[in-house]
Amino acid sequence: MDALILIDIQNDFLPGGALAVPDGDQVIDVANRVRAAFEMIAATQDWHPANHGSFASNHPGGEVGELAELDGLPQVLWPDHCIQQSLGAEFAAELDSSRWSRVVPKGCDVNVDSYSGFFDNGQRAATELHDFLQSIDVDAVFVMGLATDYCVKFTALDAVKLGYRTHLILDGCRGVDLQPGDIERAVEEMRNAGVAITSSSELMERKENYR
Ligand SMILES: [Zn+2]
């Protein structure tokens, strides 16, 4: 079975949010459109405690965008974002969540960040996503959301490693591009790892032909 995995389409990642991804709001329509093609939809939710170690504010002298260390792992320092129970952590209001099967929180451990929807950045602990997909016999995943060069990329790469046929819905993603070219490099890295790059229109056409 195919599953759609929506990555972090939350207020803080939209224009006006604490960690706004440029044009991040553009993915909402795509998400609402492609959902018709899937029986199984999961959404990840960045869900940090206020004292999370990825926040620059929790590193004395730390600057946003700087590379620091967190419990032995390299860590980009971010502005405070997606704090549990905050408005910023909520899904975009226009996002249609009516047929979602599962919301997967990530980034809940203070001492490690979690870009991937499957594992934390140290690959020490798994979220509930893989178990859930296995329990309903998912063998192919279609990934889209925010941000291309972080959570989307690491989710797609882990999906390949876990044995899923993995697709990226490219027009359903937007990236941070902290260093110019990061987005392009992320897409290339996914492609090289075996992720099939597709678009929402291609996907909808293909699904139409099955019927
Ligand atoms: Zn985060």
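In this report, the structure presented in the accompanying data block is examined.

Definitions and cut-offs
Residues numbered from 1 in each chain as written. Predicted model: local features only at pLDDT ≥ 70, side-chain atom pairs only at ≥ 80, totals over all residues. Helix = DSSP H or I, 4+ residues; strand = E, 2+ residues; numbered from the N terminus. Buried ≥ 20, exposed ≤ 12 C-beta atoms within 10 Å, placed from the backbone. Contact = placed C-beta atoms within 7 Å. Pairing = 2+ DSSP bridges. Expected span 1.5 Å × (residues − 1). Arc of directions from axis to C-beta. Axes fitted to C-alpha atoms, helices over the stretch in contact; angles between N-to-C directions.

### Details of the overall build of the protein chain
Looking only at helices and strands, one finds 5 helices and 8 strands in the protein chain. Of the regular secondary structure in the protein chain, the N- to C-terminal order runs β-α-β-β-β-β-α-β-α-β-α-β-α. Across its three principal directions, the C-alpha atoms of the protein chain cover 55 × 35 × 35 Å. Within the protein chain, buried positions represent 45% of all 211 residues. Excluding contacts between residues fewer than 6 apart, the proportion of contacts in the protein chain whose partners are at least 24 apart in sequence is 72%.

### With respect to the pairing of strand E1 (residues 2–7)
With respect to burial, E1 is a largely interior element, 5 of its 6 residues being buried. Taken together, the 6 bridges between E1 and strand E6 (residues 140–146) define a ladder with parallel strand orientation. Directly across from Ile 5, in E6, lies its bridge partner Val 143. Direction of pairing for E1 relative to strand E2 (residues 40–46): parallel, over a ladder of 5 bridges. Note that in E2 the partner of Ile 7 across the bridge is Thr 44.

### Here we look at helix H4 (residues 182–193)
Here H4 spans 16 Å end to end across 12 residues, near enough to the 16 Å set by a 1.5 Å rise per residue. Considered for burial, the residues of H4 that qualify are Ile 183, Ala 186, Val 187 and Met 190. Across the axial projection of H4, the buried residues extend over an arc of 95°, all falling on one side. For H4, the exposed residues lying more than 90 degrees away from the buried face are Glu 188 and Asn 192. The secondary structure elements touched by the buried residues of H4 are helix H3 (148–161), strand E7 (165–174) and strand E8 (196–198). Just downstream of H4, Gly 194 is the residue with a positive phi angle, here 110°.

### A look at the sheet that holds E6
Strand order in the open sheet formed by 6 strands is E5-E2-E1-E6-E7-E8, and the pairing between neighbours is parallel. Where the open sheet ends on each side, the last strands, each with one partner, are strand E5 (102–106) and E8. On average, each strand axis in the sheet is tilted by 25° relative to the strand beside it, whichever way the strands run. The strands touched by helix H1 (residues 27–34) are E1, E6 and E7; relative to E7, the strand with the most contacts, the crossing angle is about 135°. Lying over the sheet, H3 contacts E1, E6 and E7, oriented at roughly 170° with respect to E6.

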